[in-house]
Amino acid sequence: MTHKPRVAYFYDPDVGNYYYGPGHPMKPHRLSLTHSLVLSYDLFQHMEIYRPLKATAFDMCTFHSEDYINFLQRVTPQNIGGFTSSRFNVGEDCPVFPGMFDFCSIYSGASLDGAVKLNNNQADIVINWSGGFHHAKKFEASGFCYVNDIVLAILELLKHHARVLYIDIDIHHGDGVQEAFYLTDRVMTVSFHRYGNYFFPGTGDLFEVGLERGKFYSVNVPLKEGIDDESFLSIFKPVVEKVVSFYQPSCVVLQCGADSLAGDRLGCFNLSIRGHGDCVKFVKKLHLPLLVLGGGGYTIRNVARCWAYETALILGKDIDHLIPTNEYYDFYAPDYSLLPDLVSNSKTDNHNTRQYLDLIQQSVTEHLRMLPGAPAVQMQEIPPDFSRLELPPEDSTDMDIRYNSYERDKIVSYNAEFYDLGNKFSDHS
Ligand SMILES: [Zn+2]
């Protein structure tokens, strides 16, 4: 990668208009706020901005089951009563809202497009703040997530890359991504998250390390509430450094959930925007092709601040800490600061002692030492990029008719990577 990375930014102006429903903490509107900040800071002049293609049901089925995606495509708030037996975990956390499938198509299409850009070496870093839905499972929705765009993007990256590193700094465990690649050594998942006291989703224990070929290729850093910048970075940096040196990935996917910030409506960490951004900066300095995604984040003014700030970091641009006038200026009252002090108002103490963090780091290092070295991969014939697939007629919903089995086998080449861990994890949830 050259010194100045080529940055591609994917944004669909419709994505912020979807609405999970009254009282629901997930607000896609935060993406409109983020984009408006990015524009008002003139950051668009330093990167390529793309409107993504929408992912099709077929694209989604490279990971998800057909009956689940069929359901997402067909269900509406009006007809959900007709689906009596299988509801695929939609309901309170994952409501069926108008346009739900389109919303999924947009954020997933952006992650997939981003992966293709990296695969074709048309960008060094790709940003999709609308992506990062790390809880979605092969067969069901979970934790506000329906389609797992991260898994889809990683599968796309695996067409060109032997080893993909996934890093997750959302306050919640990246369970859906870990589960999808639990059996393979071609993806290493590393999640830093709150763990314990039934905090959602309940997985992400230090000793969940992967199975079979994937043993020791899942890394979990379970943290207690109230972690601050200094503590977080003191474990984030050495763990990522060690993972990279042991695993030698050829590209990285970074999930930047902003619910790890202090003052988040659902979170309980004490990271500042600057501290959160330091993680992004650290990963950028690995100088590997990088897909940067959003994720959680429920105090939306701070989510927008964080992701706009991180866009600037990725571009290597210093920006004014006073927020420029923009469409959503009032959200940033009363200080109108890009980097307000989120931490001193926090009522949560840091429960992570030095001793505790050292213990985790030591344990993670021991697991990494068990790795045989960077695994070699016999690359097979490269499947076509997702956007170049022959698309079905718009009105067709029966995927078995649209694709014959030969086409399907040719394109879906990574089923062996998937493994359903439903039973293994059931004692946690
Ligand atoms: Zn989260």
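Everything numeric in this text was worked out from a predicted model, so none of it was measured.

## With respect to the overall build of the chain
Of the regular secondary structure elements, the chain holds 12 helices and eight strands. Counting every position in the chain, which comprises 429 residues, the buried fraction comes to 50%. If you take every contact in the chain between residues at least 6 apart in sequence, the share linking residues at least 24 apart comes to 79%.

## Notes on the pairing of strand β8 (residues 290-293)
If a strand is regular, its side chains alternate between the two faces of the sheet. Burial along β8 is two-sided: the residues L290 and V292 and L291 and L293 are all buried. With four bridges connecting them, strand β3 (residues 125-128) and β8 associate as parallel partners. Its bridge partner being in β8, N128 is matched across the sheet by L293.

## Describing the confidence of the model for the chain
Per-residue confidence for the chain averages 90 on the pLDDT scale, and 87% of its residues sit at or above 70. Throughout residues 388-429 the model reports pLDDT below 50, and contacts reaching past four residues in sequence, or to other chains, amount to 37 contacts.

## A word on the environment of L293
Relative to the elements of secondary structure, L293 occurs in strand β8. C-alpha separation for the pair L293 and Y107, spaced 186 residues apart in sequence, amounts to 9.9 Å.

## Some remarks on the sheet that holds β3
Spatially, eight strands are ordered β2-β1-β3-β8-β7-β4-β5-β6 in an open sheet, and the strand pairing comes out parallel. Single-partner strands in this sheet number two, and they are β2 (48-50) and β6 (218-223). Put simply, the sheet's adjacent strands are angled 15 degrees from each other on average, direction ignored. Note that strand β1 (residues 7-10) and β2 share three bridges and pair parallel. Bridged to F10 within β2 is Y50. Together, β1, β2, β3, β7 (251-255) and β8 form the strand contacts of helix α4 (residues 100-119), whose direction differs from that of β3 by roughly 175 degrees. Contacting β4 (164-168), β5 (187-194) and β6, helix α7 (residues 229-247) runs over the sheet at an angle of about 170 degrees to β5.

## Concerning the nonpolar core
Counting 123 residues, the largest nonpolar core has I154, Y166, V253, L254 and V292 as its most contacted members. The element best represented in this core is α4, accounting for 11 residues. Excluding anything up to four places from it in sequence, V253 contacts I150, A153, I154, V164, Y166, L291 and L293.

## So, α4
Here α4 is 20 residues long and its end C-alpha atoms lie 29 Å apart, about the 28 Å a rise of 1.5 Å per residue gives. Of the residues trailing α4, N121 is marked for its positive phi of about 55 degrees.

## Notes on the UniProt feature "active site" (unreviewed entry) in the chain
When the UniProt feature table is mapped to this numbering, "active site" (unreviewed entry) covers H135. If you trace the backbone, H135 turns up in the loop between β3 and α5 (149-157).

## A short note on the UniProt feature "binding site: substrate" (unreviewed entry) in the chain
Feature annotation in UniProt places "binding site: substrate" (unreviewed entry) on D93, G143 and Y298, given in this structure's numbering. What stands out for the annotated residues spanning 206 residues is how close their C-alpha atoms remain, the widest pair being 13.7 Å apart. Along the chain, D93 turns up in the loop between α3 (66-74) and α4. Its place among the elements puts Y298 in the loop between β8 and α9 (300-315).

## So, the pairing of β6
Burial analysis of β6 places six of its six residues in the buried class, the great majority of the element. The alternating pattern of β6 places S218, N220 and P222 and V219, V221 and L223 on opposite faces, both of which are buried. The pairing of β5 with β6 spans six bridges and is classified as parallel. Among the inter-strand pairings, F192 is bridged to a residue of β6, identified as V221.

## Looking at the packing of helix α8 (residues 273-284) against α9
Running from N to C, α8 and α9 point in directions that differ by 35 degrees, and their axes come no closer than 9 Å. The way α8 lies across α9 gives a crossing that is right-handed. Only N302, R305, C306, Y309, E310, L313 and I314 of α9 make contact with α8, whose side of the interface consists of I273, H276, G277, V280, K281 and K284. In terms of residue class, the contact of α8 with α9 is built from six nonpolar, three polar and four charged.

## Brief notes about the environment of P95
Take P95: it is sitting in the loop between α3 and α4. Taking the C-alpha atoms as reference, P95 lies 7.9 Å from F144; in sequence the two are 49 residues apart. Among all residues touching P95, those that are not within four sequence positions of it are Y20, G21, H24 and V90.

## Looking at the packing of α7 against α8
Packing of α7 against α8 brings their axes to within 10 Å, and their N-to-C directions diverge by 15 degrees. As the angle between them shows, α7 and α8 are arranged roughly parallel. Note that α7 runs across α8; the crossing there is right-handed. Judged by residue contacts, D229, F232, L233, F236, K237 and V240 of α7 engage G275, D278, C279, F282 and V283 from α8. Classifying every residue of the contact of α7 with α8 gives seven nonpolar, one polar and three charged.

## Focus: the environment of F144
Mapped onto the fold, F144 is located in the loop between β3 and α5. Once you skip the residues sitting within four places of it in the chain, F144 turns out to touch M26, D93 and C94.

The rules we used
Residues numbered from 1 in each chain as written. Predicted model: local features only at pLDDT ≥ 70, side-chain atom pairs only at ≥ 80, totals over all residues. Helix = DSSP H or I, 4+ residues; strand = E, 2+ residues; numbered from the N terminus. Buried ≥ 20, exposed ≤ 12 C-beta atoms within 10 Å, placed from the backbone. Contact = placed C-beta atoms within 7 Å. Pairing = 2+ DSSP bridges. pLDDT = per-residue confidence, 0-100. Axes fitted to C-alpha atoms, helices over the stretch in contact; angles between N-to-C directions. Core = buried A, V, L, I, M, F, W, Y, C linked by C-beta atoms within 7 Å. Expected span 1.5 Å × (residues − 1). UniProt positions renumbered as here; feature names shortened; annotations may be inferred. Left-handed = near helix turned anticlockwise from the far one by under 90°. Nonpolar A, V, L, I, M, F, W, Y, C, P; charged D, E, K, R; others polar. Parallel < 35°, antiparallel > 145°, perpendicular 65-115°, else oblique.

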